[in-house]
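Secondary and tertiary structure notes
The residues making up each chain are set out below.
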Amino acid sequence: MNKLTISISPHIKDKTSVKSIMWGVVVAISPAVVWGVLFFQAHALYLVLTCIVTAVLSEAICQKILNRPITITDGSAFLTGLLLALVLPPTFPLWAGSLGAVVSIVIGKHIFGGLGYNIFNPALLGRAFLSVSFPVLTTAWQVPVLNTAKLFSEGKFYSFFSGDTITTATPLALALSKFAVANPDIPSYMGLFIGTKGGCIGEVSALALLIGAVYLIIKKYIDWRIPFGYIGVVFTVSSLLWFSNNANPTPLFHVLSGGLLIGAFFMASDPVTSPITKKGRWIFGIGAGILTISIRTWGGYPEGVMYSILMMNAFTPLIERFTAPLQFGAKRMMKK
Amino acid sequence: MFKLRPFIGGVHPPENKHLSCDKEIIPIPAPEILFFPLSQHTGAPCQPVVQKGDKVKRGTLIGTCEKLISSPIHSSVSGTVKSIENSSHPVIGRFQSIVIENDKQDLTEESISPKKNTENLSADEIIKIVRDAGIVGLGGAAFPTHVKLSPPKEKVIKTFIANGAECEPYLTCDQRLMQEMGKEIVEGIKLVRKILNSERCIIAIENNKPDAIEQIKELTRNENIEVIAIKVKYPQGGEKQLIKTVLGKEVPSGGLPMDVGVVVHNVGTLLAIYEAVNFGKPLYERAITVTGAVKNPGNYLVRIGTPVKDILDFCQVDWDNIGKIILGGPMMGISQQDIQTPIIKGTSGILVQTKDEITQDEEFSCIRCAKCIEVCPAYLLPTQIAKVVKAEKWERLSQLHIKDCIECGCCTYVCPSKIPLVQYIKLGKIKTK
């Protein structure tokens, strides 16, 4: 007989692994990727690929230099690169995109000790770096002109995406400018929902993001508390603002435009950089919501999702400290 | 009926009870050599009361201890004491054990015979019988039953719960006992109710055992015993989790069920109580489930002290392909090194895993997904505890309430980084003792 294996219980384990979660999130974000690439055309695809390849290579090099096991197949660097590309404008230069990916992986992740130890969401940290370094490039928006006529005359789906573009501001920037009332360039809710508007590659289609979000929550890849708290607060506070003054954007507009959905479901929910306690996750989501609506309404930027999440990332250790749960039977014990 | 709110946390591992749940309990012949570790229970170990060369019968007292929290040990066969030596113990590695050679005559102690007028026994008399019979909790923890039957006077036991949850995957012996020995179990429940004088009496069974639920319902139709079917969720068979599900009450941290006026006994224990009272039978055999990678998985009545090897030979295993032998269920059972390890009172099953089934995943760093926190039925932060243990900051462990961990294994089960959280927690507990 061979030697028996000895180990501490339990002797069965769930199949979910870090790898399956990471690739699962990649699957969840893929509808947004597909839409972004179809809508914004070839350059968006090149940008996505550039960011992914650079992120994965940076991870491999970091791990090689630091003499750590190389774990690029776990999908985490791939996901970071992908998410970074998705929050960049579709015409963003490739060289700048890959610079962002290097910053995401090297400064956002490996300086802190690698996967699981980083304080800030790596993709957002890279995005913030690009925002402050190249303010013009990160706010250049091109919206493709969709050719409905061609779609019907040629009957081919791809001819719908004509390849012609016009330069414009994002809907959020338009809505929040002082000429907001009756600005004809603000897309309809349907346009916002489907994603025929200006914006970053991955953020434009609410529909695509929501499909991914449902998948994430069903598969339990993320905790629902953060996105629900986050979007819930944005919706509630913007409702109040809208009721107080009809010139303010509607709550639905706030939810559908900008980076809120991709931020809430794919960035704020990043487990590594959000609190591990249940209560802490509510606080994190609600805090990010308040910050986002504050920045959008009273701040200098039209968009507040990125900085809100990064700020809440910084508060994560503190939140965790004050939200440690009471152990089973603790309440009764204290009453005694 | 009102809706039960199950305890918070827990997991749903594959149940795999189908392997053995339809198999009737059959006795396994007593082996040639049996080992009786002198500690088979929570509490003080026994001292041997026999010597090398002594003749014993089935039911002969071979070890005892005067301390309150302890339980005597009886021989399960007739034969000769071969030696008293250190040998393999399923829980604590090695321990002093009485080794008995079976003479195959199966002589029985005269005291084991049907008893009359048992209904006239007082509570104290029953408790003494239970103690002398060496009965301990058969659900796994092996806490001496007579101690649980004699709560301090100031504790009023309002509710007595018979635990038929059997939440561990694979195990089916409690289910079979309820189906085959239901009548005796109900009699055992009545005995315990009499001792505890509790107004409410409940038998809780997980709803993956519809036949057992039917059977017990049928048997308790004219009794004042509630049969409650609870939704399957591991570790619902844990005393504190069961009380939370059934009564909505939380046993205080560091306290006992009696602190909330409840006492819980496993159904197998109740059967043992019935048999001790009505037949003078000490606890020398028990039902176990033998399952997993065995040719004849099923439920078997085995003599305490039978080595694992003899049982697995009887149930037929492919010895060359065995990777792991687990005593107990897959979530909390203990993997064994030595196939001579005996079955003791608290052993509820043997699970055999093939080499391919063994999960030995590489440990990744924690991604803080908090799944361990979500599933922890004690509301702890397992990943946090593991990090503190790894950093050897022992003094911080009490703030993280490490003592409240019931080691159910849910955290390790769900961890996507495959961190052996329970292992770190156990180490932490040892270091902070």
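Residues numbered from 1 in each chain as written. Chains lettered and ligands numbered in written order. Predicted model: local features only at pLDDT ≥ 70, side-chain atom pairs only at ≥ 80, totals over all residues. Heavy atoms only, no water.

A look at the sheet that holds strand 6 (residues 73–74) of chain B
Residues and elements named next belong to chain B. What counts here: Strand pairing follows a simple DSSP-based rule, namely that at least 2 bridges must link the two strands. The secondary structure listing takes helices from DSSP runs of H or I that are at least 4 residues long and strands from runs of E that are at least 2 residues long, numbered from the N terminus.
Pairing is antiparallel across the open sheet formed by 3 strands, whose spatial order is 3-5-6. Of all strands in the sheet, those bounded by a partner on one side alone are strand 3 (47–48) and strand 6. Bridge analysis of strand 3 against strand 5 (residues 61–64) gives 2 bridges, and the strand direction is antiparallel. Bridge pairing links Pro 48 to Gly 63 in strand 5.

Observations concerning unusual backbone geometry
Each neighbour pair has its own omega, and for Ser 9 of chain A with Pro 10 of chain A the value is -5 degrees, a cis peptide bond. Along the chain, Pro 10 of chain A falls in the segment before helix 1 (18–40). Pro 235 of chain B follows Tyr 234 of chain B through a cis peptide bond whose omega is 0 degrees. Mapping Pro 235 of chain B onto the fold places it in the loop between strand 11 (226–230) and helix 6 (239–247). Phi is positive for Asn 197 of chain B, which is not a glycine, with a value near 60 degrees. By secondary structure assignment, the location of Asn 197 of chain B is in the loop between helix 4 (182–196) and strand 10 (200–206).

Topic: the sheet that holds strand 7 (residues 79–89) of chain B
Residues and elements named next belong to chain B. As summarised here, the arrangement of the 4 strands in space is 2-8-7-4, forming an open sheet in which the pairing is antiparallel. Both outer strands of the open sheet, strand 2 (33–37) and strand 4 (55–56), are each paired with one neighbouring strand and no more. Alignment of strand 2 against strand 8 (residues 93–102), held across 5 bridges, turns out to be antiparallel. Opposite Phe 36, over in strand 8, you have Ile 98 as the bridge partner.

Notes on empty space enclosed by the protein
Test applied: Only protein atoms enter the 1 Å grid used here, on which a cavity is any set of points holding a 1.4 Å probe that cannot leave and a pocket is any open set flanked by protein within 12 Å on both sides along at least five of seven lines; residues with an atom within 4 Å of a point are listed as lining. Grid points are joined across faces, edges and corners, and a volume is the space filled by probe spheres set on the points. Residues are grouped as follows: nonpolar covers Ala, Val, Leu, Ile, Met, Phe, Trp, Tyr, Cys and Pro; charged covers Asp, Glu, Lys and Arg; every other residue, Gly included, is treated as polar.
Here the structure, examined in full by the defined rule, presents 4 cavities of 30 Å³ or more. Considered as a void within the structure, the largest cavity measures approximately 290 Å³ in volume. Take the lining of the largest cavity: its biggest share by element is 4 residues, from helix 3 (residues 76–86) of chain A. As a volume, the second largest cavity reaches approximately 100 Å³. Along its surface, the second largest cavity is lined by 15 residues, and Cys 376, Cys 405, Glu 407, Cys 408 and Cys 411 of chain B are the ones closest to its centre. The residue makeup of the lining of the second largest cavity, split by class, is 13 nonpolar, 1 polar and 1 charged.

Description of helix 8 (residues 308–315) of chain B
All names here are of chain B. Stated precisely, the cut-off is as follows: Partly exposed residues are those whose accessible area sits between 20% and 50% of the maximum for their type, while under 20% is buried and over 50% is exposed, using a 1.4 Å probe and protein chains only. Here the arc refers to the set of directions running from the helix axis out to each C-beta atom.
What helix 8 keeps buried is the set Val 308, Ile 311, Leu 312 and Cys 315. The arc that holds every buried residue of helix 8, seen down its axis, measures 95 degrees, which confines them to one face. Just beyond helix 8, the residue with positive phi is Gln 316, at close to 60 degrees.

A word on the interface of chain B and chain A
Let me state the cut-off plainly: For this analysis, residues touch if any pair of their heavy atoms sits within 4.5 Å. What counts as buried area is the accessible surface, traced by a 1.4 Å probe, that two parts surrender upon association, with contributions from both included. The term salt bridge refers to a pairing of a side-chain nitrogen on Lys or Arg with a carboxyl oxygen on Asp or Glu at a separation within 4 Å. Think of a polar contact as two N or O atoms within 3.5 Å of one another; within protein, one of them needs to be a possible hydrogen donor and the other a possible acceptor, and neighboring residues in sequence only count if both atoms come from side chains.
Contacts between chain B and chain A engage 66 residues on the former and 45 residues on the latter. Here chain B meets chain A over a buried area of about 4,800 Å², counting both sides, of which 59% is carbon and sulfur. Contact with chain A buries area across many residues of chain B, yet Ile 367, Arg 368 and Tyr 413 of chain B alone supply 15% of it, more than any other trio. Our count for the chain B to chain A interface comes out at 2 salt bridges. Linking Glu 320 of chain A and Arg 368 of chain B is a salt bridge whose minimum nitrogen-to-oxygen distance equals 2.8 Å. The tally of links from chain B across to chain A stands at 25 residue pairs in polar contact (both at pLDDT 80 or more). Mapped onto the side of chain B that touches chain A, the elements with two or more residues apiece are helix 6, strand 15 (322–327), strand 16 (334–335), helix 9 (371–375), helix 10 (382–390), helix 11 (410–414) and helix 12 (421–432) of chain B. Here the side of chain B that touches chain A is composed, by residue class, of 32 nonpolar, 20 polar and 14 charged.

Quick word on the pairing of strand 13 (residues 285–292) of chain B
Residues and elements named next belong to chain B. Across the 8 residues of strand 13, 8 count as buried, placing the element largely inside the fold. As defined by bridge partners, strand 13 adjoins strand 14 (residues 298–303) across 6 bridges and the pair is classed as antiparallel. Bridge pairing in strand 14 places Ala 287 opposite Leu 301. Bridge count for strand 13 against strand 17 (residues 349–354) is 4 bridges, and the pairing is parallel. Among the inter-strand pairings, Val 290 is bridged to a residue of strand 17, identified as Ile 350.

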